[in-house]
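# Notes for the structure review
What follows is each chain in one-letter form.
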Amino acid sequence: MPDMIPQTLKEIALDKAKKRPELVDYLTEESPILAMLKWIPATHGLWNVEEVLARVNGPSFVELGAPLPGMQADSNLRQTYVSVLGGEMEVAKDKADQFGGAAKYFARRESAILKKAGMDTELAIWRDHWRKAALKEKLVTRGEAEKDCYTVMVVRFDKEINIGIYDPSGFNQGRLVDITPLNCGNLYHLRQSPGVLGYGVEYRGRFGWQNLAPERAVHAIVNVNAENLPTLDMLEDAIAAVRGTAENTYVFGHHKILQKTMSAIKKTYLQMTVNDGSLKTAIGDINGVKVIGSYNLPDGNEAKVN
């Protein structure tokens with residue numbers, strides 16, 4: 001069985017992607033949430049199997065001489081498949097020649113392509129795993145905004161119930177994302193420009209997200225905007241809803257709404273003295289629970305959640 005110690009993408013790259021460890025920096029350079037997320041190798045390569053507790057009957061106090069109660073721990077096996085993070089890039093022969101060949105052309109665009117992949121991955125985890133699960137399970141606190149809404153997510157991480165998974169065999173090239181020339185690097189008629197000869201390259205990595213118990217992992221504060229900001233009570237209740245602690249829980253949202261929210265909270269409780277020479281309105285955590293904003297998340301364009 002593969003080592004199941006959770007690692008960030010940076011740690012995975014340093015450990016397994018020794019040929020091109022800098023690829024992870026391209027992926028996470030402008031994706032602050034993605035950079036701190038942790039991942040484990042999938043137990044079966046393309047999928048991961050976890051045993052999730054469904055019901056526990058534990059011990060209890062009884063009188064001296066009384067029979068002890070029965071104990072039971074029921075569990076279910078849950079399977080999560082990885083997805084493919086990848087795409088194809090092509091260039092016409094004439095254009096490649098202007099850059100000194102296809103390899104140099106693709107290398108010049110590698111950082112931009114992977115940076116965009118990281119930004120899209122961050123949004124997908126937020127939207128398709130955390131927010132979707134919170135709305136489906138009604139794990140939400142509703143604000144008063146009627147339109148142009150944001151969502152602020154409180155997310156608790158756990159090695160089994162809420163964590164990323166990856167195919168450990170995907171690092172055979174020594175890269176976080178495999179990069180393979182199409183048609184063995186030879187000329188072919190391009191798929192994206194029919195009739196044109198050129199070159200192509202494929203980027204492919206196998207990653208997924210495992211969210212097995214949303215009620216213990218996510219809580220969404222929805223229907224908020226600049227005029228209807230989340231309150232400190234809302235945030236503290238959301239943290240308590242997932243049983244969050246400073247060690248395993250974070251507050252995520254678009255940078256703009258989090259900045260306004262934290263500034264408003266701090267101003268409410270702000271105390272200044274005659275020795276204060278500056279006013280700092282930002283808050284980096286709530287009782288140790290870190291607040292992390294990202295520009296990759298929806299920027300006030302969500303519909304009201306009823």
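Description of the structure in this document. Keep in mind that what you see is a predicted model, and the values were worked out from it rather than measured. Per chain, residues are indexed from 1 in the order of the written sequence. Totals for whole chains, interfaces and linings use every residue, but because this is a predicted model, local features are given only for residues with pLDDT of at least 70 and side-chain atom pairs only at 80 or more, for both listing and counting. Values reported for side chains reflect all heavy atoms of the structure, with hydrogen atoms and water molecules removed beforehand.

## As for the overall build of the chain
Here is the rule: Put simply, DSSP marks the helices as runs of H or I at least four residues long and the strands as runs of E at least two long, and each gets a number from the N terminus on. Using a 1.4 Å probe on the protein chains alone, a residue whose accessible area is under 20% of its type maximum counts as buried, one over 50% counts as exposed, and one in between counts as partly exposed. Any pair of residues with heavy atoms lying within 4.5 Å of one another is described as a contacting pair. Here the open area of atoms and residues is found with the Shrake-Rupley method and a 1.4 Å probe, where only the protein chains shown may cover a residue.
On a plain count of helices and strands, the chain comes out with seven helices and 15 strands. Principal-axis analysis of the C-alpha atoms places the extent of the chain at approximately 80 × 65 × 40 Å. In the chain, which comprises 306 residues, the proportion classed as buried is 43%. Contacts in the chain between residues at least 24 apart in sequence constitute 79% of all its contacts with a sequence separation of at least 6. Summing over all exposed atoms, the chain offers an accessible surface of approximately 16,800 Å²; the carbon and sulfur share of this is 51%.

## Regarding the pairing of strand 15 (residues 289-294)
Every other side chain in a regular strand lies on the same face of the sheet, so the side chains alternate between the two faces. The line we're drawing: Pairing between strands is defined by DSSP: at least two bridges between them are needed.
Judged from the five bridges that link them, strand 13 (residues 249-254) and strand 15 form a sheet pairing that is parallel. Bridge pairing in strand 15 links Gly253 to Gly293. As paired strands, strand 14 (residues 285-286) and strand 15 are joined by two bridges and run antiparallel to one another. Paired with Asp285 across the bridge in strand 15 is Lys290. Turn length for the strand 14-strand 15 hairpin, with the two strands adjacent in sequence and antiparallel, is two residues, and the turn residue Asn287 shows positive phi of about 50°.

## Concerning the pattern of salt bridges
Quick reminder of the rule: Within this document, salt bridges are pairs made up of a side-chain nitrogen of Lys or Arg and a carboxyl oxygen of Asp or Glu, the two lying within 4 Å of each other.
Under the counting rule described, the total for this entry stands at 15 salt bridges. In this structure, the salt-bridge partner of Arg127 is Asp128, at a minimum N-O distance of 2.9 Å. Residue Arg127 is classed as partly exposed on the basis of its relative accessible area, which comes to 41%. For Asp299, the salt bridge identified is with Lys256, shortest N-O distance 3.4 Å. Highlighted residues: Asp299 in the segment after strand 15 and Lys256 in helix 7 (residues 255-269), separated in sequence by 43 residues. The network of salt bridges with common partners includes Arg20, Glu22 and Glu110.

## What to know about the packing of aromatic side chains
For any two aromatic rings, the description comes down to two numbers: the centre-to-centre distance and the angle of the planes. As a reminder of what qualifies: Two aromatic rings, drawn from Phe, Tyr or Trp (for Trp, its six-membered ring), form a pair once their centres lie within 6.5 Å of each other, and the interplanar angle then sorts them: stacked below 30 degrees, edge-to-face above 60, tilted otherwise. Over a ring means this: the NZ of a Lys or the CZ of an Arg is within 6 Å of the ring centre and within 35 degrees of the ring normal.
Under the definition given, this model contains eleven aromatic pairs. Centre to centre, the rings of Trp130 and Phe252 are 5.4 Å apart; their planes meet at 10°, and the pair counts as stacked. Of the two residues, Trp130 sits in helix 5 (residues 102-136) while Phe252 sits in strand 13, which places them 122 residues apart along the sequence. Pair check on accessibility: Trp130 and Phe252 agree, each one buried. The lysine or arginine in question, Arg109, covers the ring of Phe99, its NZ or CZ lying 5.0 Å from the ring centre.

## With respect to the side chain of His254
As for its placement among the helices and strands, His254 is situated in strand 13. When its relative accessible area of 3% is taken as the criterion, His254 is described as buried. Contacts of His254, omitting those with residues within four sequence positions, involve Tyr150, Ser294, Tyr295, Leu297, Pro298 and Asp299.

## Topic: the pairing of strand 7 (residues 150-156)
In terms of burial, strand 7 is a largely internal element, seven of the seven residues being buried. Here strand 7 shows no split at all, with Tyr150, Val152, Val154 and Arg156 on one side and Thr151, Met153 and Val155 on the other all buried. Bridge count for strand 7 against strand 12 (residues 218-224) is five bridges, and the pairing is antiparallel. Bridge pairing in strand 12 links Val152 to Ile221. In this structure, strand 7 lies alongside strand 13, joined through four bridges in antiparallel fashion. What sits directly across from Arg156, in strand 13, is Thr249.

## Examining the nonpolar core
Test applied: We define a nonpolar core as any set of buried Ala, Val, Leu, Ile, Met, Phe, Trp, Tyr and Cys residues linked to one another through side-chain atoms lying within 4.5 Å.
Leu37, Trp39, Trp130, Phe157 and Phe252 are the most contacted members of the largest nonpolar core, which totals 50 residues. Sort the elements by how many residues they give to this core and helix 5 lands first, with nine residues. Sequence-distant contacts of Leu37, defined by excluding residues within four places in its chain, comprise Gln7, Thr8, Leu9, Ile125, Trp130, Phe157 and Trp209. Core analysis: the next-biggest nonpolar cluster, separate from the first, contains 18 residues, Tyr150, Leu235, Ile239 and Val291 among them.

## Quick look at the environment of Arg142
Mapped onto the secondary structure, Arg142 falls in strand 6 (residues 140-142). Linking Arg142 and Ala17, residues 125 residues apart in sequence, is a C-alpha distance of 43 Å. Setting aside its immediate chain neighbours within four residues, Arg142 contacts Val222, Asn223, Met234, Val305 and Asn306.

## Observations concerning helix 5
For clarity, the threshold we go by: Bend at a residue means the angle formed by two fitted axes: the first through the 7 residues ending at that position, the second through the 7 residues beginning there.
Its maximal kink placed at Arg109, helix 5 deviates by approximately 45°. Looking one or two residues beyond helix 5, the residue adopting positive phi is Lys138, at roughly 60°.

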